[in-house]
Amino acid sequence: MQLINDILLDEVSEKATLSPRLRMNYNLHDDLEAKAQRLLNALEPGTQLPVHRHPHTAETYILLRGRINVLFYNEDKQVQERQELSVASGIYGVHIPAGQWHTLEVLENATVIFEVKDGPYTPLTEDNIMNL
């Protein structure tokens, strides 16, 4: 059993603040070959996540604490939609269809999302990263 509580979120957030990438994953799946990739993703303002897509899997973010903007792009490299996730607004998550270009912008320290996508883990390739 693994409790997902303030203690765990604080630990993962602390590691994110110490990371040069300003983010840290805490995997809840057993290995990178798992059919379901479930993880906590602790994010700090300033982290750089490229605009990208996952051609073979949808992705879901559920906000556990903090605040983020999720940005959706079209093929012309233009922001198509921007959605703020925050507990205060009552918008807690977003489901991103397979193939949708997206990124996120962190708006508060110690932000943590629960992230789910189909496995196995597949690193992003150049053709799945949008160069703006």
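Residues numbered from 1 in each chain as written. Predicted model: local features only at pLDDT ≥ 70, side-chain atom pairs only at ≥ 80, totals over all residues. Heavy atoms only, no water.

(A) Main features of the pattern of salt bridges. If you walk through the whole model with that rule in mind, you get seven salt bridges. A salt bridge links R65 to D10, with the nearest nitrogen and oxygen atoms 2.9 Å apart. Pair noted here: R65 is in strand β3 (residues 59-65) and D10 is in helix α1 (residues 6-18), with a separation of 55 residues, a long-range link. Each of the salt bridges in this network shares a partner with another, and the network as a whole consists of E59, E115 and K117. (Salt bridge = Lys/Arg side-chain N within 4 Å of Asp/Glu carboxyl O. Helix = DSSP H or I, 4+ residues; strand = E, 2+ residues; numbered from the N terminus.)

(B) The sheet that holds strand β7 (residues 101-106), seen in detail. Judged by pairing direction, the sheet is antiparallel, and its three strands sit side by side in the order β5-β4-β7 without closing on themselves. The sheet terminates laterally at β5 (79-86) and β7, the two strands that pair on one side only. Across the sheet, the mean angle from the axis of one strand to that of its neighbour is 20 degrees, orientation sign disregarded. In terms of strand pairing, strand β4 (residues 67-73) meets β5 through seven bridges, oriented antiparallel. Looking across to β5, one finds that L71 is bridged to R82. (Pairing = 2+ DSSP bridges. Axes fitted to C-alpha atoms, helices over the stretch in contact; angles between N-to-C directions.)

(C) Structural detail: the layout of surface pockets. Of the voids in this model, the largest pocket is the one considered here, and its volume is about 760 Å³. Around the largest pocket sit 31 residues that line it, and H54, K117, Y121, T122 and L124 are the ones nearest its centre. Looking at the lining of the largest pocket, the elements that each hand over two or more residues are β1 (23-27), β2 (36-43), β3 and β8 (111-118). In the lining of the largest pocket, the residues fall into 11 nonpolar, 13 polar and seven charged. Elements that contribute at least two residues to the lining of the second largest pocket include exactly β4 and β7. Here the lining of the second largest pocket takes four residues from β7, the largest share from any one element. Here the residues of the lining of the second largest pocket sort into five nonpolar, four polar and one charged. (1 Å grid on protein atoms, 1.4 Å probe; cavity = no way out; pocket = protein on both sides within 12 Å on 5 of 7 lines; lining within 4 Å. Points joined across faces, edges and corners; volume = space filled by probe spheres on them. Nonpolar A, V, L, I, M, F, W, Y, C, P; charged D, E, K, R; others polar.)

(D) Expanded view of the side chain of Q37. Tracing the backbone through its elements, the reader meets Q37 in strand β2. At 3.0 Å, the side chain of Q37 and the side chain of H29 are in polar contact. Reaching out from Q37, the side chain makes a polar contact with the backbone oxygen of A34 at a distance of 2.9 Å. Leaving out residues up to four positions away in the same chain, Q37 has contacts with H29, D31, L32, E115, V116, K117, D118, G119, P120 and Y121. (Polar contact = N/O pair within 3.5 Å; in protein donor to acceptor, adjacent residues only side chain to side chain. Contact = heavy atoms within 4.5 Å.)

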